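Here is what each chain is made of, one letter per residue.
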Number of protein chains: 2
Amino acid sequence: MSKVTAVVIHAHGKPEEVVRVEQVELPRVGPKDARMRMLFAPINPADLNVLEGTYPLRPTLPGVVGGEGVGRVEEIGSAVTGVRIGEVVLLPLGVGTWRQEVVCPAEDLIPCPDDIPLEQAAMLRVNPATALRMLLDFVTLAPGEWVVQNSANSGVGRAVFQIARARGWRTINVVRRPELIEELLLLGADVVVLEGEGAEVNIRAATGEAAPRLGLNAVGGESASRLAKALAPSGTLVTYGAMSRQGMRISNGDLIFRDLSFRGFWVSRWYRQATHAARLAMFEEIFILAREGQLHTPVEAVFPLEKAKEAIEAASQGKRGGKILFGGS
Amino acid sequence: MSKVTAVVIHAHGKPEEVVRVEQVELPRVGPKDARMRMLFAPINPADLNVLEGTYPLRPTLPGVVGGEGVGRVEEIGSAVTGVRIGEVVLLPLGVGTWRQEVVCPAEDLIPCPDDIPLEQAAMLRVNPATALRMLLDFVTLAPGEWVVQNSANSGVGRAVFQIARARGWRTINVVRRPELIEELLLLGADVVVLEGEGAEVNIRAATGEAAPRLGLNAVGGESASRLAKALAPSGTLVTYGAMSRQGMRISNGDLIFRDLSFRGFWVSRWYRQATHAARLAMFEEIFILAREGQLHTPVEAVFPLEKAKEAIEAASQGKRGGKILFGGS
């Protein structure tokens, strides 16, 4: 067995304090397995929660961290037909992507077209998939219909307005920092409003009579309540994140008389429950958008695995210009 | 135009203070109308909310109150075919049933079989319909599956466990008063637990591994949160009342990781959106249950319309032995 460099935790705690760079053993490649060299792997908010121990899915300790990433196939087992040596693939959830090399069942890999920038490919499996599923699976949106979301500058948030733009839906995007308004408008957001008391009034003013039937919430607390207030009767608020770490208070009247639905989305559950054919079908759309640049996530910096602490610190900053990736090891 | 006795409000306020007994004009019976003599009409919690002005549907003031009731057809228009003179019918929502006689479009009436006790028939349109729709329209329950509800001693609550028993589902019923436990068990509740801190533990203990996928909430606040905690992953909590007058706090984890859904139900909306055929189909089932005594609501007292204040006072008591009805005028 060979050893490879990886970002490992032995205990949960403050993210930059618990990560260690170590050599981990790589299992032998079985007949149905593939071995990949990791090319790029992002640091997502959920990864920080895994480090803290607040995420419901976590590695057995000690364990390798990292929720998604892209790799190149270097070796395949004798029974593997779905991927070829040299091919670029999206790595499956749960393997721990912050490592030089990884071995996993080949059938869990998503082959990625050559013409998608590798850094972008590394970020397609969690955020754009979350955005696309939430736009498709809760409310059947008509062309031109409005969708409202908070945390619009997050990875999912940007994917939401980019995918909505490509699909012909309009978005109202709530952000905390005024300097983001111009930027998000340039990137395809239809309307950007500032977070805080009264945001629901600005949302309603933007949509007029056509109040959104779908709201996407990654914040919780008062921000979520404001989205609920802005929804049309019989609308649905989908929660996929909890940045404020506060639950949401739901008014009984919103449930009984306004017929609002409050749902949740977790992309790990979606992957677990979907057939592989459904996953591939979803990526057909995501790959097209990524190739054409309609789906693009800015990258602030790429760190080698050896600089895990610095990378985690950079990713923990509230005001970043883009994603922090591991890569180039 | 003739005049009939009715319970009228000229303004909203404390229920027993705002009701007046007056003579109101009865419109002429048009070709498609029917005129009914009211036989019995209950005082439901929603009626008290109408009097207070806290209910979203309310009569134009001054207006006649009363959400449901049963009458006997005394006159029909020349074009009416659906009901016959002498027939017992359920009166439609919104006509103001607390009155001696009423005229309304015949097509809005639900003909009621002769062999259903009239007092029971008067109480079928709101509570049992609410109970049946909530049991059918949110989660597809398998035989023997558990349903959990609070406010189990209310009109809807009793209908829920009686309909569930007839349909082969099991119920866990949360009540506030210990003396109700024995009574509800005798009436068909499978498990009765006491409201308050820790109720979710008793609910879970009762169902073991088969946690309920459907919860019915008429209270809000902490009671609703306890029901949510007791639900199985991907379960649904349906809110149809707000007795505590407190909203519910939803944990982000319950939405994202446990995939719970929070929905609302309002029977007025159901009637508005349903076809008349769908309404008649629902009452086929409700009438069978009422005829066989599987659906039975105890009556504490019947008041003539002239004693409206006393009736309202009796209905406002927290600890009643049954419904208060108007009738016998």
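Our subject is the structure that appears above.
Because the structure is a prediction, the values reported are computed rather than measured. (Residues numbered from 1 in each chain as written. Chains lettered and ligands numbered in written order. Predicted model: local features only at pLDDT ≥ 70, side-chain atom pairs only at ≥ 80, totals over all residues. Heavy atoms only, no water.)

**Student:** Got a minute to help me understand the relation of the copies chain A and chain B in this structure?
**Tutor:** The relation between the two chain copies is a rotation about an axis coupled with a shift along that axis. Between chain A and chain B, the superposition needs a rotation of 180° and an axial shift of 0.0 Å, giving an RMSD of 0.0 Å. Such values leave the two copies arranged in the relation of a two-fold axis. The fraction of interface residues of chain A whose copies in chain B are also interface residues reaches 100%, indicating that both copies meet through the same surface. (Least-squares fit on C-alpha atoms with pLDDT ≥ 70 in both. Contact = heavy atoms within 4.5 Å.)

**Student:** For this particular structure, what's the right way to read the side chain of Arg158 of chain B?
**Tutor:** Residue and element names in this part refer to chain B. Mapping Arg158 onto the fold places it in helix 5 (residues 155-167). Owing to a relative accessible area of 7%, Arg158 belongs among the buried residues under this scheme. Dropping the residues within four chain positions of it, Arg158 is found in contact with Ala152, Asn153, Glu183, Leu184, Leu187 and Pro298. (Helix = DSSP H or I, 4+ residues; strand = E, 2+ residues; numbered from the N terminus. Buried < 20%, exposed > 50% of the residue type's maximum accessible area, 1.4 Å probe, protein only.)

**Student:** Sorry, what's going on with the interface of chain A and chain B here?
**Tutor:** For interface size, the figure often reported is the accessible area lost on association. Listed as interface residues are 26 residues of chain A and, on the opposing side, 26 residues of chain B. In total, chain A and chain B occlude about 2300 Å² of area from one another, counting both sides; carbon and sulfur atoms represent 55% of this. When the buried area of chain A at its contact with chain B is split by residue, Asn252, Ile256 and Phe257 of chain A rank highest and sum to 27% of it. At the junction of chain A with chain B, the criterion picks out 2 salt bridges. Across the pair Asp259 of chain B and Arg269 of chain A runs a salt bridge, and its minimum N-O distance is 3.3 Å. For the interface between chain A and chain B, the tally reads 15 residue pairs in polar contact (both at pLDDT 80 or more). Among the elements that line the side of chain A that touches chain B, the one with the most residues is strand 15 (residues 261-264) of chain A, at 4 residues. (Buried area = accessible area lost by both parts, 1.4 Å probe. Salt bridge = Lys/Arg side-chain N within 4 Å of Asp/Glu carboxyl O. Polar contact = N/O pair within 3.5 Å; in protein donor to acceptor, adjacent residues only side chain to side chain.)

**Student:** Just checking my understanding: could you explain the environment of Ala166 of chain B for this structure?
**Tutor:** All names here are of chain B. Secondary-structure assignment places Ala166 in helix 5. Separated by 76 residues in sequence, Ala166 and Ala242 have C-alpha atoms that sit 27 Å apart. Sequence-distant contacts of Ala166, defined by excluding residues within four places in its chain, comprise Leu289 and Gln294.

**Student:** Where do I start with the pattern of salt bridges in this structure?
**Tutor:** Where charged atoms from two side chains of opposite charge come close, those side chains can pair. Applying the stated criterion across every chain, the model contains 40 salt bridges over all chains. A salt bridge links Arg84 of chain B to Glu87 of chain B; the shortest N-O distance between them is 3.5 Å. Accessibility expressed as a relative area gives 55% for Arg84 of chain B, which makes it exposed. Classification of Glu87 of chain B by relative accessible area gives buried; the value is 12%. Beyond isolated ion pairs, a larger network of salt bridges with shared partners links Arg35, Arg37, Glu74, Glu75 and Glu101 of chain A.

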